[in-house]
Amino acid sequence: MAEQEPHNTPASNKISSTIKSPRFRRFAKWFAGIVVAIGIFGFFAAPPLLKSVLLKQLSTQLHREVSIDGIDINPFALTAKITGVAVKETSGKEALGFDELFVNLSALSFAQAAPVVDEIRLQGLRIAVARVADGKYDISDLLEEWMKPSEPSPTPRFSINNIQLLGAKLVFDDQPVGKTHTVSDINLRLPFVSSMAYKAKVHVTPHFSAKFGDSPILLEGRTTPFAEGRESDISLDVDRFNLATLQPYLPASIPLVFANGTVDSELKLVFKELSDQLFSLTMVGAIHLSELKVRDASDAHLVGWKKLDVEIENADLVKQKIAVKGVSLDGLDASLSVNRDGELNVLLLAEKLAGAPAKEVVKADAKAPEGGLEWTLGEFRLSNGLVRWKDDSNLSPVQGEVRNLNVQVGKIESTLTAPIEIAEASYQVDLGERMRVERMVAKDLKVDLHGHRVDIGEVTNTGTRARLLRNKEGKIEWVSSPLLKTVRKTGKELSDERAWVGSVGKLAISDLSFRIEDQSTTPAA
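Residues numbered from 1 in each chain as written. Predicted model: local features only at pLDDT ≥ 70, side-chain atom pairs only at ≥ 80, totals over all residues. Heavy atoms only, no water.

**What about the overall build of the protein chain?**
What the protein chain contains, in helices and strands, is 7 helices and 26 strands. The 525 residues of the protein chain split such that 32% are buried. In the protein chain, 59% of the contacts between residues at least 6 apart in sequence involve partners at least 24 apart. Carbon together with sulfur atoms contributes 58% to the accessible area of the protein chain, which is approximately 32700 Å² in total. (Helix = DSSP H or I, 4+ residues; strand = E, 2+ residues; numbered from the N terminus. Buried < 20%, exposed > 50% of the residue type's maximum accessible area, 1.4 Å probe, protein only. Contact = heavy atoms within 4.5 Å. Areas by Shrake-Rupley, 256 points an atom, 1.4 Å probe, with all protein chains shown as cover.)

**Considerations on unusual backbone geometry**
Of note, the phi angle at Asp444 is positive, near 55 degrees, even though the residue is not glycine. Along the chain, Asp444 turns up in strand 23 (residues 435–448). For Asp444, a relative accessible area of 53% gives the class exposed. Positioned with a positive phi, His452 is a non-glycine residue whose angle comes to about 55 degrees.

**Quick look at the side chain of Arg64**
Mapping Arg64 onto the fold places it in the loop between helix 2 (22–62) and strand 1 (65–74). Owing to a relative accessible area of 9%, Arg64 belongs among the buried residues under this scheme. At a separation of 3.0 Å, a polar atom in the side chain of Arg64 contacts the main-chain carbonyl oxygen of Asp138. With sequence-adjacent residues up to four places away left out, Arg64 is seen in contact with Ser59, Val87, Lys88, Glu89, Asp138, Ile139, Asp141 and Leu142. (Polar contact = N/O pair within 3.5 Å; in protein donor to acceptor, adjacent residues only side chain to side chain.)

**Description of the environment of Thr376**
Mapped onto the elements, Thr376 comes out in strand 18 (residues 374–377). Among the residues examined, Thr376 registers a relative accessible area of 27% and is labelled partly exposed. For Thr376 and Leu416, which are 40 residues apart along the polypeptide, the C-alpha to C-alpha distance reads 9.7 Å. Ignoring any residue separated from it by four or fewer positions in sequence, one finds Thr376 in contact with Ile322, Ala323, Val324, Ile412 and Glu413.

**Here we look at the pairing of strand 16 (residues 321–330)**
Bridge count for strand 15 (residues 301–316) against strand 16 is 9 bridges, and the pairing is antiparallel. Within strand 16, the residue paired with Ala315 across the bridge is Ile322. The sheet contact formed by strand 16 and strand 18 spans 4 bridges and is parallel. Of the residues in strand 18, the one forming a bridge with Ile322 is Trp375. Direction of pairing for strand 16 relative to strand 19 (residues 380–391): parallel, over a ladder of 4 bridges. Bridge pairing links Val327 to Phe380 in strand 19. (Pairing = 2+ DSSP bridges.)

**Side note on the packing of aromatic side chains**
One pair of aromatic rings is described through two measures. These are the centre distance and the angle between the planes. Under the counting rule described, the total for this entry stands at 1 aromatic pair. Look at Tyr137 and Phe172: their rings are 6.3 Å apart centre to centre, the planes differ by 55 degrees, and that puts the pair in the tilted class. Of this pair, Tyr137 sits in strand 6 (residues 136–137) while Phe172 sits in strand 7 (residues 159–174), and the two are 35 residues apart along the sequence. (Phe/Tyr/Trp six-rings, centres within 6.5 Å; stacked < 30°, edge-to-face > 60°.)

**Comments concerning the nonpolar core**
Side chains of nonpolar character tend, in soluble globular proteins, to be buried together. Leu289, Trp305, Val407 and Ile422 are the most contacted members of the largest nonpolar core, which totals 36 residues. Of all the elements, strand 23 adds the most residues to this core, at 6 residues. Judged by nonpolar contacts, the second largest core, of 13 residues, contains Leu101, Leu122, Ala168 and Ile186. (Core = buried A, V, L, I, M, F, W, Y, C linked by side-chain atoms within 4.5 Å.)

**Looking at the environment of Leu122**
Inspection of the secondary structure puts Leu122 in strand 4 (residues 116–123). The spacing of Leu122 and Gly167 is 45 residues in sequence and 8.7 Å in space, taken between C-alpha atoms.

**Notes on the pairing of strand 18**
Note that strand 18 and strand 21 (residues 412–413) share 2 bridges and pair antiparallel. In the sheet register, Leu377 faces strand 21, and the bridge partner there is Ile412.

**Things to note about the pattern of salt bridges**
Applying the stated criterion across every chain yields a total of 24 salt bridges. For Asp141, the salt bridge is made with Arg64, and the minimal N-O distance between the two is 3.1 Å. Of this pair, Asp141 sits in helix 4 (residues 140–146) while Arg64 sits in the loop between helix 2 and strand 1, and the two are 77 residues apart along the sequence. The partly exposed category is assigned to Asp141, whose relative accessible area is 34%. Glu94 is the salt-bridge partner of Arg126, the closest N and O atoms lying 2.9 Å from each other. Residue Arg126 is found in strand 5 (residues 126–133), and its partner Glu94 is found in strand 3 (residues 94–105); the two are separated by 32 residues along the sequence. Given a relative accessible area of 27%, Arg126 falls into the partly exposed group. With relative accessibility at 25%, the residue Glu94 sits in the partly exposed group. A single network of salt bridges, built from pairs that share partners, joins Asp333, Arg388, Glu401, Arg403, Asp430 and Arg436. (Salt bridge = Lys/Arg side-chain N within 4 Å of Asp/Glu carboxyl O.)

**Thoughts on the confidence of the model for the protein chain**
Summary statistics for the protein chain give a mean pLDDT of 82 and a share of 81% for residues scoring 70 or more. When the criterion is pLDDT under 50, residues 356–369 qualifies, and its contacts beyond four places in sequence or with other chains add up to 11 contacts. The model gives residues 487–495 a pLDDT under 50, and that stretch makes 8 contacts with residues more than four places away or in other chains. (pLDDT = per-residue confidence, 0-100.)

So, in structure tokens, the structure goes:
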């Protein structure tokens with residue numbers, strides 16, 4: 001039997017010669033050296049270096065002693081594990097700590113130029129917070145620093161998948177009342193939180209469980225794996241939660257007093273795998289806020305209402321697009337006032353909340369960050385509203401009310417490019433003897449903010465009583481605009497230079513009485 005000759009093809013000969021070439025061998029040595037260097041640096045050099053940097057930075061940022069037991073890095077699997085982290089107060093009490101943090105970074109982070117995490121797992125998180133007085137905590141220094149206003153910026157691009165919080169514990173020491181609240185065995189699983197589209201292998205279903213004292217809490221998500229695009233959801237239902245219970249725990253920097261208010265919700269957080277293998281995170285459902293009463297820091301009434309219902313059609317938390325089907329507000333009771341210095345109470349409140357003068361919060365030439373929030377509102381209804389008005393900025397103070405305020409507004413978009421349609425607005429005005437309006441009704445209104453135009457289909461005015469007075473000094477006392485502080489300072493109101501144009505299709509006035517009194521003459525007229 002003849003011996004077979006080895007069969008060598010030109011391609012195999014070329015590959016063999018390439019492998020044996022000095023150039024390829026040099027390349028192989030360099031490549032092996034780089035791999036070995038990456039391995040040595042990642043496994044041995046990077047962990048102590050990263051530990052040193054983290055200890056220094058965290059201690060500086062948190063103003064507290066920080067300790068870390070160990071850091072392990074696998075540069076080839078792109079994983080990192082940090083163990084035994086503890087943040088201690090000056091008294092030696094642990095304020096924050098955890099047993100282990102595991103992070104699996106995706107190689108696509110480099111291609112996406114944004115952090116993409118395939119899995120993150122935090123085990124044994126421990127948080128201990130103490131309230132030392134009303135609005136004061138042992139971490140108030142950090143809260144004040146974190147709550148400082150900053151320039152608006154676009155939402156950063158990121159994708160964090162397979163999020164797991166295991167065995168966490170929260171201890172709240174309420175020292176003024178001598179009680180300690182403990183929430184233990186906290187377990188939270190989320191498929192992902194992302195601000196960009198990214199395909200990831202998700203193996204986590206929504207879940208939340210904990211123990212509040214001895215009472216267990218469980219929110220278990222549902223998964224529909226055989227639907228068109230795998231879908232998971234978790235219900236976020238709240239039943240008659242009283243906002244007033246939060247008041248003692250609000251930071252002192254918030255100048256609001258929640259005297260009353262009950263929150264109910266039927267919300268659902270939906271994690272869905274789309275047909276193109278991308279994921280979406282949306283929220284649907286409704287929120288209800290009833291019997292709200294809010295006072296300002298001087299204990300004066302600010303705002304309240306009987307019931308606010310917000311129906312969310314779809315809120316895409318990834319694309320930042322919110323579609324609200326309708327908002328219904330019943331029994332609004334709001335107080336607006338201008339003091340002698342021309343300061344409007346709501347603007348003063350905005351300054352305190354923002355931590356800066358209101359005129360510095362929004363600059364005339366400021367541009368909204370790109371990729372911001374987009375929203376649409378299908379319908380807004382206001383019924384039985386009451387607005388209290390007090391103006392002490394003028395020579396003669398003005399005080400009164402707008403009662404029985406009812407408004408029905410159509411669709412509104414965040415761009416405000418389309419005219420806002422108001423089907424009907426009706427109210428009563430009582431400014432004392434200066435002016436009373438028994439009933440004012442405006443129908444079929446169209447407000448074009450871009451075009452500076454207001455068109456009203458029909459206006460009906462019934463039972464108006466007005467009194468104009470010229471006092472002994474010859475000055476007119478009637479209903480005048482408040483002398484706001486910003487207007488006094490600049491001498492003019494900042495506004496678009498274009499004039500507004502308005503039209504009224506039909507005007508009906510009945511039972512009108514207008515009285516003019518002149519006290520500057522002798523005898524008075």
